[in-house]
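Commentary on secondary and tertiary structure
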Amino acid sequence: MNKWLKIMCLVLVLAFVLPALVACDKDKDNDKGNEGGGSTDGVVITPPSSISEDANYNGDTFTMYSVEDMFAKKYFFADKTTGDGMNDALYQRQQNVESVLNVDLVWKPAEGSGETAAFQAYATEVQNAIKAGDAKYQVVLTHAYYAIPDLITGGSLKDLKEFDSISVNEDYWNKSIMDQVAYKDHHYLGYSDFNLAQTYVIAFNKSLFNNFSTSLDGNTMYDFVNNGEWTLETMSEVARLAFVDNGSESANIYGLTGELWVPFCGFIQSSGEAIVTKNDQTGKYAITWMDNKTIKNKVNDIINDIRDIDDMQETYFWQHEAFQPGRKMVLLQDGKAFMQLIGTNALIDLKNTQVKFGVLPYPMYDKDQYSTVQYRSLNWAGYLCVPSNNIDNADMVGDVIECLSYFSDSVTTYYYEKLLGLKVSEAPEDAKMLEIIWGSLCSDFGIAYEMVDDKGNMDAIVYMVPRCVMENAQFNSWNSRFGGAANNAINNKLNK
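Another aspect to go through is the overall build of the protein. Counting its regular elements, the protein contains 20 helices and 15 strands. A buried classification covers 57% of the 496 residues belonging to the protein. If you take every contact in the protein between residues at least 6 apart in sequence, the share linking residues at least 24 apart comes to 78%. Carbon and sulfur atoms make up 45% of the accessible area of the protein, which amounts to about 20,500 Å² in all.

What follows concerns helix α12 (residues 293-311). If you check α12, its first and last C-alpha atoms are 27 Å apart, about what 19 residues at 1.5 Å a residue would give, namely 27 Å. Among the residues of α12, Ile295, Lys298, Val299, Asn300, Ile302, Ile303, Ile306, Arg307 and Ile309 are the ones counted as buried. Capping the start of α12, Asn292 holds a side-chain oxygen 3.1 Å from the backbone nitrogen of Thr294, two or three residues further along.

Judged by nonpolar contacts, the single largest core of 159 residues is most densely connected at Trp230 and Met339. The leading source of residues in this core is helix α3 (residues 85-101), at seven residues. Phe243, Tyr316, Trp318 and Leu331 belong to the second largest nonpolar core, which has six residues in total.

With that out of the way, let us pick up the pairing of strand β7 (residues 254-259). Of all six residues making up β7, six are buried, and the element is well covered by its neighbours. The sheet contact formed by β7 and strand β11 (residues 337-343) spans three bridges and is parallel. Counterpart to Leu256 in the pairing with β11 is Met339. As judged from the four bridges shared by β7 and strand β10 (residues 315-318), these two strands associate in the parallel manner. Of the residues in β10, the one forming a bridge with Thr257 is Tyr316.

Attention now goes to the sheet that holds strand β4 (residues 103-109). Strand order across the open sheet formed by four strands is β4-β3-β5-β14, with mixed pairing between neighbours. Of all the strands in the sheet, the pair left with one neighbour each is β4 and β14 (384-385). Bridge count for strand β3 (residues 60-66) against β4 is seven bridges, and the pairing is parallel. Bridge pairing in β4 places Phe62 opposite Leu105.

Going through the model one piece at a time under the given rule, you end up with twelve salt bridges. With its nearest N and O atoms 2.9 Å apart, the salt bridge here joins Asp179 to Lys175. With Asp179 and Lys175 both in helix α6 (residues 175-180) and four residues apart, this pair spans about one turn of that helix. Connected via shared salt-bridge partners are Glu259, Glu321 and Arg327.

The contact between helix α9 (residues 232-242) and α12 brings their axes to 11 Å, and the two run at 5°. One element, α9, and the other, α12, form an angle in the roughly parallel class. Facing Leu232, Met235 and Ser236 of α9, the residues of α12 in contact are Asp305, Ile306 and Ile309. Split by residue class, the contact of α9 with α12 holds four nonpolar, one polar and one charged.

Together, Lys184, Lys284, Lys455, Lys493 and Lys496 line one region of the surface with positive charge. Tracing the chain through its elements places Lys284 in the loop between β8 (276-278) and β9 (285-287).

What follows concerns the side chain of Arg327. The residue Arg327 is located in the loop between β10 and β11 in this model. Residue classification places Arg327 among the buried positions, given a relative accessible area of 18%. A polar side-chain atom of Arg327 sits 2.8 Å from the main-chain carbonyl oxygen of Gln319.

The relative placement of two aromatic rings is captured by the distance of their centres and the angle of their planes. For the coordinates displayed, the defined rule picks out 29 aromatic pairs. With centroids separated by 3.9 Å and ring planes inclined at 15°, the aromatic side chains of Phe445 and Tyr449 adopt a geometry described as stacked. Grouping aromatic residues by their ring pairs yields a cluster made of Phe71, Phe76, Phe77, Trp107 and Phe194. Cation over ring: Arg481 sits above Trp478, and NZ or CZ is 5.7 Å from the ring centre.

One open sheet holds the five strands; their spatial order is β10-β7-β11-β6-β12, and the pairing between them is mixed. Sheet topology places β10 and β12 (357-360) at the edges, where each strand pairs with a single neighbour. Within this sheet the neighbouring strands show an average axis-to-axis angle of 25°, counted without direction. Across five bridges, strand β6 (residues 200-205) lies against β11 in antiparallel orientation.

Once that is clear, we can look at unusual backbone geometry. Located in the positive-phi region is Asn58, a residue other than glycine, with phi close to 55°. Structurally, Asn58 can be placed in the loop between β2 (43-44) and β3. Of the residues examined, Asn58 reaches a relative accessible area of 60% and is grouped as exposed. Of note, Asp185 is a non-glycine position whose phi angle comes to about 70°, a positive value. Along the chain, Asp185 falls in the loop between α6 and β6.

For the pair α12 and helix α20 (residues 475-494), interaxial distance at closest approach is 9 Å and the crossing angle is 120°. It follows that α12 is oblique to α20 by the angle criterion. Facing Lys296, Val299, Asn300 and Ile303 of α12, the residues of α20 in contact are Phe475, Asn476 and Asn479. In terms of residue class, the contact of α12 with α20 is built from three nonpolar, three polar and one charged.

Let's shift gears to the environment of Leu378. Relative to the helices and strands, Leu378 is located in strand β13 (residues 377-378). Placed 66 residues apart in sequence, Leu378 and Asp444 show a C-alpha to C-alpha distance of 7.7 Å. Here Leu378 is in contact with Gln198, Thr199, Tyr200, Gly266, Gln269, Cys442, Ser443, Asp444 and Ile447, once residues within four sequence places are set aside.

The rules behind the values
- Residues numbered from 1 in each chain as written.
- Predicted model: local features only at pLDDT ≥ 70, side-chain atom pairs only at ≥ 80, totals over all residues.
- Heavy atoms only, no water.
- Helix = DSSP H or I, 4+ residues; strand = E, 2+ residues; numbered from the N terminus.
- Buried < 20%, exposed > 50% of the residue type's maximum accessible area, 1.4 Å probe, protein only.
- Contact = heavy atoms within 4.5 Å.
- Areas by Shrake-Rupley, 256 points an atom, 1.4 Å probe, with all protein chains shown as cover.
- Expected span 1.5 Å × (residues − 1).
- Polar contact = N/O pair within 3.5 Å; in protein donor to acceptor, adjacent residues only side chain to side chain.
- Core = buried A, V, L, I, M, F, W, Y, C linked by side-chain atoms within 4.5 Å.
- Pairing = 2+ DSSP bridges.
- Salt bridge = Lys/Arg side-chain N within 4 Å of Asp/Glu carboxyl O.
- Axes fitted to C-alpha atoms, helices over the stretch in contact; angles between N-to-C directions.
- Parallel < 35°, antiparallel > 145°, perpendicular 65-115°, else oblique.
- Nonpolar A, V, L, I, M, F, W, Y, C, P; charged D, E, K, R; others polar.
- Patch = residues over 30% accessible without salt bridge, like charges linked within 9 Å, V, L, I, M, F, W, Y side chains within 5 Å.
- Lys, Arg positive; Asp, Glu negative; His and termini not counted.
- Charge placed at Lys NZ, Arg CZ, Asp CG, Glu CD.
- Phe/Tyr/Trp six-rings, centres within 6.5 Å; stacked < 30°, edge-to-face > 60°.
- Lys NZ or Arg CZ within 6 Å of the ring centre and 35° of its normal.

And the structure:
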């Protein structure tokens, strides 16, 4: 799936060619009568090799049921062409799939009810449809973790290995992520080029770099990453150098800022560790550090390092609105921060400001990590899943999923340009950083299956880094309080 360089080489071509292809269909209805011919208005559409040449589903409806928190429609489905590159790339992908397979793609967002949010209700809707024998959803686009254990252990999802045309070893699939969240070697959770990564990065203000660059011995921020020197220690050192004391909290320029919540969870994974792993010998899942003193000491050090960074006068972190109503935020876009922990989707909004920004991956634990796992970026995106009531049209389901994944090159191209706010040719160093970030994406079984524990113990472990910092708690006491109970929940519900 790491096709960044190939995709980026296509950017300029796509910028000219794609709108022309889309324009052919702009004022016309989809051609549902194409008998599996694989062409649209004279443009030959070549399907993936695993799709039968005579595949034709006679205009059957294929409904994608989406949790919009993870799969916002504007990044995954288009009702018509608009002239926007991202939107029209989505529309063209749909046209390609519909032309090759003769299907009708439909987007259906999950809905909430009363005080129950859509992401909290989607699984019940899927389960009720299965109980009723109603195959109204062919694909479910899930939350990153909400209700996933219940869907899987309750038999509500099918293993993607059951579909002959789904080829997870192709480079438009990310088998590594799928393996990381596989349950007993079953791929219930799919991840391909159709899924768009949602991770956290370090954005920095390029205009403020000159304020302290002479202290870095000629290094740029990109040099630290490329030379394997971008570590927690380096990040804290840069934060100190970038800080400008203007006499008050409102006037200072801080070296590092961010929300003390989800962005802080990823420091465990960026440091080369995972919350939950499977024992290769026993096949049992467990919290990684429970019986491993070395990892336990390392996680303790990570939390102490983050707490020390939080205690620095040169950094400014604010809590989630639920914990700190009316919190004050110190943002990169206001020129009050050199670095900020920020979600990749938020980069799209940042590019509309006056700030000239760059992006970096999360730092490693130490320099030794560069010789092993290097950089790692925790992915918070949801998953592509098939509800278990669609066995009657299994061939269509597999074929559509494979085609949606295969025809996603141009979509990912336009999405990544939205993140940069520039053509890649105009920001080659940042494009390389995004290549590192996308290439280092990882999932964590412990996050995907967080809701295996309905008493909040597993949640406390997933959010352990920010909560220990917020509550000034030591790792050992926190782990004693929640770790054993979370591990018992895993053992009782997942290790049967």
